[in-house]
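Topology and contacts: notes
Residue strings, one per chain:
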Amino acid sequence: MGEMIETGTGASAVHSYVSRPEGDIKGGVVVIHEAWGLVGQIRSVADRFAAQGYLAVAPDLLGENGITDDVATELGEQLFNPDPEQRHAAQPKLRALMSPFRSPDFSAAASARVQCCFDYLASSPGVSGRIGVVGFCMGGTFALSLAVREPRLKACVSFYGRADYSVAELAAIRCPVLAFYGDQDTDLVETLPDLGAAMTEAGVDFTADVYPGTGHAFFNDANRFAYGKDAADDAWARTLEFLAQSLSRDGHA
């Protein structure tokens, strides 16, 4: 359904997957991938948004690491495997994959590339300023970062992302934020009350849903050990409802 294009110019240029709706455009959605990069599972999510009427663009923030769909699937399953030996064996591979994140320039470069995708949607016919962002894991963190930096954003959905910002920084958010977590994702869930309090103090319209009996990456249907179908289906329905309301012209679905 989609195609690869280049968005932006210069150092912030990024190869992105764009999926276009067949009929009228309801708005635009930036779809930000997990730490595995722009793999087929994320492209399929962009296609699902396009099937719902949204112009979807998914940047490849890790194009330089050369990871393939097969490598991502194998490593992802190892990390979530019930067998502790499998999880242990995956750690060196994970450290190698995560090496770009340790660069002090990575976050700034990735944020600039996400911004390029936002700007692409902002200039696309039919979008009319109705732009949201949806991110997963690392992408959920960058989705929240875009909400902090971009006052034109109309909706932010973060799946198991982090928001290490002060109240003053969070106060820059001008759109509603919807966040999803699994209750077994303890590192994030334990900090959620503090994040919720900071969002409230900052005046942000923030809603967080925690699904029982599920963990990190529950939306990733390419990972048989992480995927939680019931939670994923509910979060997808909630996301579509949230976008329909937030990106509609009159504020109603």
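Residues numbered from 1 in each chain as written. Predicted model: local features only at pLDDT ≥ 70, side-chain atom pairs only at ≥ 80, totals over all residues. Heavy atoms only, no water.

1. Looking at the pattern of salt bridges
- Evaluated as defined, the whole model comprises five salt bridges.
- Of the charged contacts in the structure, one is a salt bridge between Asp-233 and Lys-229, with a shortest N-O distance of 2.6 Å. Residue Asp-233 and its partner Lys-229 are both found in helix H8 (residues 229-247); the two are separated by four residues, about one turn of the helix. (Salt bridge = Lys/Arg side-chain N within 4 Å of Asp/Glu carboxyl O. Helix = DSSP H or I, 4+ residues; strand = E, 2+ residues; numbered from the N terminus.)

2. Remarks on the pairing of strand S7 (residues 177-182)
- For S7, a buried count of six out of six residues is recorded, marking the element as mostly surrounded by other parts of the structure.
- The alternating pattern of S7 places Val-177, Ala-179 and Tyr-181 and Leu-178, Phe-180 and Gly-182 on opposite faces, both of which are buried.
- Summarising the sheet, strand S6 (residues 155-159) and S7 pair through four bridges and their orientation is parallel. In the strand pairing of S7, Phe-159 is matched with Phe-180.
- Two strands pair when backbone bridges link them, and S7 and strand S8 (residues 206-211) are joined in this way by six bridges, in the parallel orientation. Bridge pairing in S8 places Val-177 opposite Phe-206. (Buried < 20%, exposed > 50% of the residue type's maximum accessible area, 1.4 Å probe, protein only. Pairing = 2+ DSSP bridges.)

3. Here we look at unusual backbone geometry
- With phi around 45°, Tyr-160 is a residue other than glycine that occupies positive phi space.
- Since its relative accessible area comes to 2%, Tyr-160 is described here as buried.
- You will see that Ala-217, though not glycine, has its phi angle at about 65°, which is positive.
- Mapped onto the secondary structure, Ala-217 falls in the loop between S8 and H8.
- Given a relative accessible area of 4%, Ala-217 falls into the buried group.

4. Thoughts on the packing of helix H4 (residues 106-122) against helix H5 (residues 138-149)
- Here H4 crosses H5 at 70°, and the two axes come no closer than 10 Å. Here H5 runs roughly perpendicular to H4, going by the angle between their axes. Crossing hand, H4 versus H5: right-handed. Here Phe-106, Ser-107, Ala-110, Ser-111, Val-114, Gln-115 and Phe-118 of H4 lie close against H5, whose contacting residues are Met-138, Phe-142, Ser-145, Leu-146 and Arg-149. (Axes fitted to C-alpha atoms, helices over the stretch in contact; angles between N-to-C directions. Parallel < 35°, antiparallel > 145°, perpendicular 65-115°, else oblique. Left-handed = near helix turned anticlockwise from the far one by under 90°. Contact = heavy atoms within 4.5 Å.)

5. Focus: the pairing of S6
- Extensive coverage of S6 is indicated by the burial of five of its five residues.
- In S6, alternate side chains face the same way, and those of Ala-155, Val-157 and Phe-159 on one face and Cys-156 and Ser-158 on the other are all buried.
- Sheet analysis places strand S5 (residues 131-136) next to S6, joined by five bridges and oriented parallel. Bridge pairing links Gly-135 to Ser-158 in S6.

6. Quick look at helix H7 (residues 186-202)
- For H7, spanning 17 residues, the distance from its first C-alpha to its last is 24 Å, which sits close to the expected 24 Å at 1.5 Å a residue.
- At Leu-192, H7 shows its maximal bend, which comes to roughly 40°, and the proline Pro-193 appears one to four places after that position.
- Turning to H7, its buried residues are Leu-188, Leu-192, Leu-195, Gly-196, Ala-198, Met-199 and Ala-202.
- Looking at the buried positions of H7, the neighbouring elements they touch are H5, helix H6 (167-170), S7 and S8.
- Downstream of H7 by one or two residues, Gly-203 has phi in the positive range, about 80°. (Expected span 1.5 Å × (residues − 1). Bend = angle between axes of the 7 residues up to and from the residue.)

7. Digging into the nonpolar core
- Core analysis: the biggest nonpolar cluster contains 75 residues, and Phe-49, Phe-159 and Phe-218 have the highest contact counts within it.
- For this core, the leading source of residues is H8, giving eight residues.
- Leave out the neighbours within four places in its chain, and Phe-159 touches Val-134, Gly-135, Phe-136, Cys-137, Gly-140, Phe-180, Phe-218, Phe-219, Ala-235 and Thr-239.
- In terms of nonpolar packing, the next biggest core, distinct from the first, is built from five residues, Trp-36, Val-39, Leu-75 and Ala-90 among them. (Core = buried A, V, L, I, M, F, W, Y, C linked by side-chain atoms within 4.5 Å.)

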